[in-house]
Amino acid sequence: MTFHQPQKLKTIADLIGAKFVGSEDFQVLGTNEIHRVKSGEIVFVNHPKYYDKALNSAATIILIDKEVDCPEGKALLVSDDPFRDFNKINTHFTKIYNFTETLHDVEIGEGTKIHPSAVLGNNITIGNNTIIFPNVVIGDRTVIGDNVIIQSNTVLGGDAFYYRKLNGNFDRLISVGNVIIENNVEIGNGCTIDRGVTDSTIIGEGSVLDNQIQIGHDTVIGKRCLIASQVGVAGCCIIGDEVTLWGQVGIASGNNIESGSVLLGKTGVNRDLKKGTYIGMFAEDFKTYLKKEVKLRNLE
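Residues numbered from 1 in each chain as written. Predicted model: local features only at pLDDT ≥ 70, side-chain atom pairs only at ≥ 80, totals over all residues. Heavy atoms only, no water.

**Student:** With reference to specific residues and values, describe empty space enclosed by the protein.
**Tutor:** Counted under the stated rule, the structure contains one cavity of 30 Å³ or more. Here the largest cavity is characterised by a volume of approximately 50 Å³. Lys-95, Ile-96, Tyr-97, Asn-98, Phe-99, Asp-140, Arg-141 and Arg-195 together form the lining of the largest cavity. Looking at the lining of the largest cavity residue by residue, the classes come out as three nonpolar, one polar and four charged. (1 Å grid on protein atoms, 1.4 Å probe; cavity = no way out; pocket = protein on both sides within 12 Å on 5 of 7 lines; lining within 4 Å. Points joined across faces, edges and corners; volume = space filled by probe spheres on them. Nonpolar A, V, L, I, M, F, W, Y, C, P; charged D, E, K, R; others polar.)

**Student:** Explain helix H1 (residues 9-16) to me, using residue names and the numbers behind them.
**Tutor:** Here H1 has its buried residues at Leu-9, Ile-12, Ala-13 and Ile-16. Within H1, the buried residues cover an arc of 100° as seen down the axis, which keeps them to one side. Positive backbone phi, at 70°, marks Gly-17, one or two positions downstream of H1. (Buried < 20%, exposed > 50% of the residue type's maximum accessible area, 1.4 Å probe, protein only. Helix = DSSP H or I, 4+ residues; strand = E, 2+ residues; numbered from the N terminus. Arc of directions from axis to C-beta.)

**Student:** Now, about the packing of aromatic side chains: what can you tell me, with residues and values included?
**Tutor:** Using the criterion set out here, one finds six aromatic pairs in the structure. Plain terms: the ring middles of Phe-286 and Tyr-289 are 6.4 Å apart, the flat faces sit at 15° to each other, and that makes the pair stacked. Remark: Tyr-289 and Phe-286 occur in helix H4 (residues 286-297); sequence separation between them is three residues, near one turn of the helix. What makes Tyr-289 partly exposed here is its relative accessible area of 25%. Members of the aromatic cluster, each reached through a chain of ring pairs, are Phe-44, Phe-83 and Phe-86. (Phe/Tyr/Trp six-rings, centres within 6.5 Å; stacked < 30°, edge-to-face > 60°.)

**Student:** Account for the sheet that holds strand S18 (residues 178-181), with residues named and values stated.
**Tutor:** Strand-to-strand pairing in sheets goes through backbone hydrogen bonds, with the strands running parallel or antiparallel. Within the open sheet, the eight strands sit side by side as S7-S10-S13-S18-S21-S24-S27-S30. Their pairing is parallel. Of all the strands in the sheet, just strand S7 (106-108) and strand S30 (256-257) have a single pairing partner and so form its edges. Sheet topology places strand S24 (residues 220-221) next to strand S27 (residues 238-239); two bridges connect them, and they run parallel. Bridge pairing in S27 places Val-220 opposite Ile-238. (Pairing = 2+ DSSP bridges.)

**Student:** Can you lay out the sheet that holds strand S8 (residues 113-114) for me, pointing to particular residues and giving the numbers?
**Tutor:** Pairing is mixed in the open sheet, where 10 strands are placed in the order S8-S11-S14-S19-S22-S25-S28-S31-S33-S34. Looking along the sheet, the strands with just one partner apiece sit at the ends: S8 and strand S34 (284-285).

**Student:** Report on the nonpolar core, specifying residues and quantitative values.
**Tutor:** Membership of the largest hydrophobic core comes to 38 residues, with the highest contact counts inside it found for Ile-138, Ile-181, Ile-193, Ile-239, Leu-245, Ile-251 and Leu-263. Elements with a contribution of two residues or more to this core: strand S10 (124-126) and S18. Ignoring anything within four residues of it in the chain, the contact list for Ile-193 reads Val-155, Leu-156, Gly-157, Gly-158, Val-179, Ile-181, Ile-187, Thr-201, Ile-203, Leu-209 and Ile-215. In terms of nonpolar packing, the next biggest core, distinct from the first, is built from 22 residues, Phe-3, Ala-18, Leu-77 and Phe-83 among them. (Core = buried A, V, L, I, M, F, W, Y, C linked by side-chain atoms within 4.5 Å. Contact = heavy atoms within 4.5 Å.)

**Student:** How would you sum up the pattern of salt bridges? Please name residues and give values.
**Tutor:** Counting across every chain of the model gives 17 salt bridges. In this structure, Arg-172 and Asp-159 form a salt bridge, with 3.8 Å as the shortest nitrogen-oxygen distance. Here Arg-172 is found in strand S17 (residues 169-172), whereas its partner Asp-159 is found in the loop between strand S15 (155-158) and strand S16 (163-166), with 13 residues between them in sequence. In this structure, Arg-195 engages Asp-159 in a salt bridge whose closest nitrogen and oxygen atoms are separated by 2.7 Å. Of the two residues, Arg-195 is situated in the loop between strand S20 (192-194) and strand S21 (200-203) and Asp-159 in the loop between S15 and S16; the sequence distance between them amounts to 36 residues. (Salt bridge = Lys/Arg side-chain N within 4 Å of Asp/Glu carboxyl O.)

**Student:** Mind laying out the environment of Phe-93, listing which residues take part and the relevant values?
**Tutor:** Its place among the elements puts Phe-93 in helix H3 (residues 82-93). Taking the C-alpha atoms as reference, Phe-93 lies 16 Å from Phe-83; in sequence the two are 10 residues apart. Beyond its immediate chain neighbours, meaning those up to four positions away, Phe-93 contacts Met-1, Phe-3, His-4, Gln-7, Ile-12 and Leu-15.

**Student:** Explain the state of the cysteines residue by residue, including any values.
**Tutor:** On inspection of all chains with the given rule, the structure shows zero disulfides. Its sulfur unpaired, Cys-237 is 7.5 Å from the next cysteine sulfur, which belongs to Cys-236. (Disulfide = S-S within 2.5 Å.)

**Student:** Account for unusual backbone geometry, naming residues and giving values.
**Tutor:** Positive phi, normally seen in glycine, also occurs at Asn-167, with a value near 55°. Within the fold, Asn-167 resides in the loop between S16 and S17. A relative accessible area of 73% means that Asn-167 is categorised as exposed. Unlike most non-glycine residues, Asn-184 shows phi in positive territory, near 65°. Among the structural elements, Asn-184 can be located in the loop between S18 and strand S19 (186-187).

**Student:** Now, about the pairing of S21: what can you tell me, with residues and values included?
**Tutor:** Both faces of S21 are covered, namely the face carrying Ser-200 and Ile-202 and the face carrying Thr-201 and Ile-203. Note: S18 against S21, four bridges, orientation parallel. In the sheet register, Ile-181 faces S21, and the bridge partner there is Ile-203. Where S21 and S24 come together, two bridges link them in parallel fashion. In the strand pairing of S24, Ile-203 is matched with Ile-221.

Here it is in structure tokens:
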């Protein structure tokens, strides 16, 4: 999430009641998750296991639960609960409507047709010659391009599935990002595309999604991808251009799929994949899989 205007480190520290390490005038441009964070942004970390990753990331400001040595050129916000205070910062700078207030700031392009049963949130942009089918739900801050087709019962911009366990209950990391659907995308019936926690979930130009597909928060789908029914992609994945995902493929969070790859039905992904064709629970190279099958069949 990018602030509407740059903030000072002391301003953010005062907002959450945290100690800061660095110049009080240190510039803060926004917040982001570790997978997508950029220079000038805040990332949070609340476990020693991930201190080094956060401190050495592209983040310039680290919201952390313990004062540590601050890398040169960076700043710290020291909090007793970084998860809570990350939510506090995000919701201070981004209003959460959740369909509770009157529609406003919606831009709709020429030739676009939206069925009356569709539900639109706030701060939405829809391009030209786009078709929105019955019962589609479009959440706040969603951006939809030209010549897009979104079929019935699809939901764009639902909350991210991102929780921690706190006092025996689940505590949500509040989603203040959005969804971006680029030009010439087709999305089938009953799909769910979650908005980013602090950044954008993106469906690239010319991609086609079948029915009943789940795309997790902050995931980026490349251009001209083909995704079949019942595929599930977790949060913070990067899928390259012209990737094909066949039915019931499942991709764990934070993994990258190189452009031009093909994942055959029911393939499971738990690591980054180079360009290739894959099959199986742990994404095995398809030719290797076939050779293994031949050897097994010849054992008799």
